[in-house]
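Topology and contacts: notes
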Amino acid sequence: MLLLSLAYHSLKNRVLTTALTVFSIGLSIALLIGVENVRVGARESFANTISQTDLIVGARGGSLQLLLYTVFRIGSATNNISYETYDHWKNHPAVAWTIPYSLGDSHRGFRVVGTDENFYKHYRYRRDRSIEFASGRAPADVFETALGSDVARDLGYKTGDKVVITHGVASAAGRGILDHKDKPFTVTGVLAKTATPVDRSLYIPLEGISAVHIDWADGAPPMPGEEVPAEKITKQSVKIDQITSFLLRSKSRIDTLRLQREISTYTEEPLQAIIPGLTLQELWRTIGYAEDALTVVTFFVTIVGLLGMLVSLYTSLNERRREMAILRAIGAGPAKIISLLVLESFLLSAAGCILGVGLVYGLSITFQPIVEQHFGLYVPIQGPTPTGWIYLGAVMVAGLIIGFIPAWKAYRNTLSDGLSVRL
Amino acid sequence: MSDAPAIRLTDVQFAYGKGPRVLNIPTLEVVAKEKVFLFGPSGSGKTTLLGVLAGVLGGYTGTVEVLGRDVAKMSGSQRDAFRGSHLGYIFQLFNLIPYLSVLENITLPCRLSAERRARLNGMSLEQAAEQTAKRLGIGELLHKPVTNLSVGQQQRVAAARSLIGTPELIIADEPTSSLDYDHREKFLELLFESCQAAGSTLLFVSHDRSLMHLFDRQLSLPDINKAGS
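Just so you know, these numbers come straight off a predicted model, no measurement behind them.

A word on the overall build of chain A. A count of helical and extended segments in chain A gives 13 helices and 14 strands. Whereas a compact globule of 423 residues would reach a radius of gyration of roughly 22 Å, chain A reaches 32 Å, over 25% beyond that. For chain A, the C-alpha atoms occupy an extent of roughly 110 × 45 × 30 Å along the three principal directions. Classification of the 423 residues of chain A by burial places 53% in the buried group.

As structure tokens, this is what we get:
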């Protein structure tokens, strides 16, 4: 208790150095824990880009490719699947719901997704968040569209505007070559921001995809005079031939694996079904090396913080030789002198850890909404993760060990100084 | 223990490492409760002798007995504990721990050593500190930070710290050299009174012989220490 009080008063006496040391350790701890939290948050956000979907089903091909074009709208499918096949699985007794996707068209660089009302009803991301509308409503008629929030923001569209979609996936610059000019879509609503790839697409009914291609033959636009005017097309008159892929929720999780096997061995058409969570993990592993680099950097920052503490304790020793001699004179042995200094460095690193964790809380409460909005990164407001706690423990132990360096020096000083100090 | 001399040195020889001999004292004895003035020019081995007496310098030959205990026969931590509970030490200057208050500085030995605390005769730490401080005329300073004190006041606080818990032996290493003449006498007067009250032996080291007549006995270190000759 005496040592603790001595250490406390001694640190308090050097309040500026103490504050700076604690602050520098605190900052490095905040960085260490913060990066760890962001890392976990990024992984969580990524893994929860799509939730509650048990299987993603598409034409047979690469599983990563299926994930990329279905969830992230990157790349495109080599094959479609027939609507009959989709219908079969949609009505399978083990299936709770399905969300069909028909991909392949675009608008000024944004993908156009043909889907149905199930998308608005069942699609989930970040565990249990559903699609909501910032304004307007879901498209009901053939030539209606709902916009992802980024699309509306970047292109300045609002409800009631007309949108012409482009055949194939073209960049913003390549538009106009094969526009479906004769069949514009009316914006009926804008989706609320999700901070997932959902924001970067336009959503139209499945029938809309079929409708813009209704007069096409063999992948080529209609010859002049053969066009079917938009006014003559109704939702009922359009037949959906094929879709690109679909999301599937099984009635019980136990069915998922059985269903996956059943789909993969479906004889009518070559299909594949992937479990999104697993494939997302696989994808994360390939792009996740950056997080390791980040962690290494923060480790070095922490080491620098601790070295700062070492420097401040070590340089204080010379002006404290007198103090050590006094303590010796009143009966403090070398063990007490060493304990005092080790205790001081432990207190410094402990205070730094507390400050650091406090900073992490403060910063994540302050900046969480901003980060989520701008980077689509959901960082949970939380203290250290289990790994974070290990880091904290390691820093405290390092603080203790580092404390032995000035302590040893002080001990050597007291041996050579005895009770006199050559000032 | 009370019958034994407070200090007895026999054939003590000491050198720092392989350096020249600094101490060579055939005999030195200080009787219990005696007030002894030890003088000598700098370089005559004063600091070394005090280090040996306080048990922070080892490696000498001969016998050093303090309060009847053979210092060389104690382990390092026993020596620390012994010093903490039986010795009071006053330095020439900078006696106080700057980040503690006057009261905390005075009570420090008792907080460090349970044995020393046990010698307070049933008084609480604060009572003992107050009593000691009052006797030295610094009763009103107890709750001040030590950095606000004059040098004279600091030395009295140091004296109070060395006296609290009535240790048998007070070693004062030139405690008055930073005080002016009037303050020196006043300081000595108070120190004597306190030693008297506590029944402590006082070994007072100084090169200022103007004070020596106030003591029971005067010793010249160059006479005792044959190392130089």
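Having seen the model, we can carry on.
All names here are of chain B. The end-to-end C-alpha separation of helix 7 (residues 181–198) is 26 Å, in line with the 26 Å expected for 18 residues at 1.5 Å each. Taken as a whole, helix 7 has its buried residues at Arg184, Phe187, Leu188, Leu190, Leu191, Phe192, Ser194 and Cys195. Packed against the buried residues of helix 7 are strand 3 (35–39), strand 6 (87–90), helix 5 (125–135), helix 6 (151–163), strand 7 (169–173) and strand 8 (201–206). Of the residues trailing helix 7, glycine 199 is marked for its positive phi of about 70°.

The subject of this paragraph is the state of the cysteines. Scanning all chains against the criterion turns up zero disulfides over all chains. No disulfide involves cysteine 110 of chain B; its sulfur sits 16 Å from that of cysteine 195 of chain B, the nearest cysteine.

With that settled, the discussion passes to the interface of chain B and chain A. With 22 residues of chain B at the interface, the matching set in chain A holds 24 residues. Summed over both sides, the interface between chain B and chain A buries roughly 2200 Å², with carbon and sulfur atoms accounting for 69% of that surface. Of all residues in chain B, Phe91, Tyr99 and Leu112 of chain B give up the largest surface area on contact with chain A, accounting jointly for 34% of the area buried on that side. Taken together, chain B and chain A are joined by one salt bridge. Where aspartate 80 of chain B meets arginine 328 of chain A, a salt bridge forms, and the shortest distance between an N and an O atom there is 3.1 Å. Our enumeration of links across chain B and chain A arrives at four residue pairs in polar contact (both at pLDDT 80 or more). At the level of elements, helix 1 (46–54), helix 2 (76–86) and helix 3 (102–112) of chain B are the ones that each hand at least two residues to the side of chain B that touches chain A. For the side of chain B that touches chain A, the element with the most residues is helix 3 of chain B, which contributes five residues. Per-class residue counts for the side of chain B that touches chain A are 14 nonpolar, three polar and five charged.

Below, the discussion takes up a nonpolar patch on the surface. Taken together, the side chains of Val296, Phe300, Ile303 and Leu307 of chain A define a hydrophobic patch exposed on the protein surface, amounting to about 380 Å² of accessible area. Structurally, valine 296 of chain A is set in helix 10 (residues 289–319).

So, on to the packing of helix 11 (residues 321–329) of chain A against helix 12 (residues 334–375) of chain A. Residue and element names in this part refer to chain A. Relative orientation of the contacting elements helix 11 and helix 12 amounts to 140°, with a least axis distance of 10 Å. By the criterion of interaxial angle, the relationship of helix 11 to helix 12 is oblique. Where helix 11 crosses over helix 12, the handedness of that crossing is right-handed. Contacts between helix 11 and helix 12 involve Glu323, Met324, Leu327 and Arg328 from the former and Pro334, Ile337, Leu340 and Leu341 from the latter. Of the residues contributing to the contact of helix 11 with helix 12, the split by class is six nonpolar, no polar and two charged.

Turning our attention to the side chain of glutamine 368 of chain A. Residues and elements named next belong to chain A. Here glutamine 368 shows up in helix 12. The class of glutamine 368 is buried, set by a relative accessible area of 16%. Contacts of glutamine 368, omitting those with residues within four sequence positions, involve Leu363, Tyr378, Val379, Pro380 and Ile381.

Residues and elements named next belong to chain A. Here helix 2 (residues 15–47) crosses helix 12 at 50°, and the two axes come no closer than 7 Å. Of the possible angle classes, the one that applies to helix 2 and helix 12 is oblique. As for the relative orientation of helix 2 and helix 12, their crossing is right-handed in sense. Note on element contacts: helix 12 touches helix 2 through Leu348, Ser349, Ala351, Gly352, Cys353, Leu355, Gly356, Val357, Leu359 and Val360, opposite Thr18, Thr21, Val22, Phe23, Ile25, Gly26, Leu27, Ile29, Ala30, Ile33, Gly34 and Asn37.

A few words on the sheet that holds strand 8 of chain B. All names here are of chain B. Taken in spatial order, the five strands of this open sheet run 6-7-8-3-9, and their pairing is parallel. The open sheet is flanked by strand 6 and strand 9 (217–220), the only strands paired with a single partner. Across the sheet, the mean angle from the axis of one strand to that of its neighbour is 15°, orientation sign disregarded. As judged from the five bridges shared by strand 7 and strand 8, these two strands associate in the parallel manner. When the sheet's bridge partners are listed, aspartate 173 is paired in strand 8 with valine 205. Packed on one face of the sheet, helix 1 meets strand 3, strand 6, strand 7 and strand 8 and runs near 155° to strand 8.

Residue and element names in this part refer to chain B. Tracing the chain through its elements places cysteine 110 in helix 3. Under the relative-accessibility criterion, cysteine 110 is labelled buried at 0%. Distance from cysteine 110 to glycine 19, taken between C-alpha atoms, is 38 Å for residues 91 residues apart in sequence. With residues up to four places along the chain from it excluded, the contact list for cysteine 110 reads Arg116, Arg117, Leu120, Leu125 and Ile164.

All names here are of chain B. With antiparallel pairing, four strands are arranged side by side in an open sheet as 2-1-4-5. Taken across any chain shown, the strands that pair with only one partner, and hence form the sheet edges, are strand 2 (21–30) and strand 5 (69–70). Inspection of the sheet shows strand 1 (residues 7–15) paired to strand 2 by eight bridges, in the antiparallel sense. Residue pairing in the sheet places threonine 10 in a bridge with threonine 27 of strand 2. Sheet strands in contact with helix 1 are strand 1, strand 2 and strand 4 (61–66), and its direction is about 60° off that of strand 2.

Calculation rules
- Numbering of residues starts from 1 in every chain and runs along the sequence as written.
- Key to labels: chains lettered from A, ligands numbered from 1, both in the order written.
- Only residues with pLDDT of at least 70 get local features here, since the model is predicted, and only at 80 or more are side-chain atom pairs given and counted; chain-wide, interface and lining totals rely on the full set of residues.
- Here the side-chain values reflect all heavy atoms present in the structure, with hydrogen atoms and water set aside.
- Secondary structure follows DSSP: runs of H or I at least 4 residues long count as helices, runs of E at least 2 residues long count as strands, and numbering of each begins at the N terminus.
- What the globule rule says is 2.2 Å times the number of residues to the power 0.38, and the radius of gyration is computed from C-alpha atoms.
- Buried means the residue's accessible area, taken with a 1.4 Å probe over protein chains only, is under 20% of the maximum for its type, while exposed means over 50%, and partly exposed covers the values in between.
- Here the expected length of a helix is defined as 1.5 Å per residue gap, with one fewer gap than residues.
- A contact between two residues is defined here by any heavy atoms of the two lying within 4.5 Å.
- Only a pair of cysteine sulfur atoms within 2.5 Å counts as a disulfide in this structure description.
- Throughout, buried area stands for the accessible area (probe radius 1.4 Å) lost by two parts on being put together, summed over both.
- One speaks of a salt bridge when a side-chain nitrogen belonging to Lys or Arg is within 4 Å of a carboxyl oxygen belonging to Asp or Glu.
- Two N or O atoms form a polar contact when they lie within 3.5 Å of each other; inside protein one atom must be a possible hydrogen donor and the other a possible acceptor, and for residues adjacent in sequence the pair counts only when both atoms belong to side chains.
- Under the scheme applied here, ten amino acids are nonpolar (Ala, Val, Leu, Ile, Met, Phe, Trp, Tyr, Cys and Pro), four are charged (Asp, Glu, Lys and Arg), and all others, including Gly, are polar.
- Patch building starts from residues that exceed 30% relative accessible area and form no salt bridge, then joins like charges within 9 Å and nonpolar side chains (Val, Leu, Ile, Met, Phe, Trp, Tyr) within 5 Å.
- For every accessible area listed, the method is Shrake-Rupley and the probe measures 1.4 Å; residues are considered covered only by the protein chains on display.
- An axis is simply a line fitted to the C-alpha atoms; with a helix, the fit covers only the stretch in contact. Between two such axes, the angle follows the N-to-C directions and lies from 0 to 180 degrees.
- Orientation is classified from the angle alone, with under 35 degrees giving roughly parallel, over 145 giving roughly antiparallel, 65 to 115 giving roughly perpendicular, and any other angle giving oblique.
- With the far helix as reference, a near helix turned anticlockwise by less than a right angle produces a left-handed crossing, and one turned clockwise produces a right-handed crossing.
- Following DSSP output, two strands are said to pair if at least two bridges run between them.

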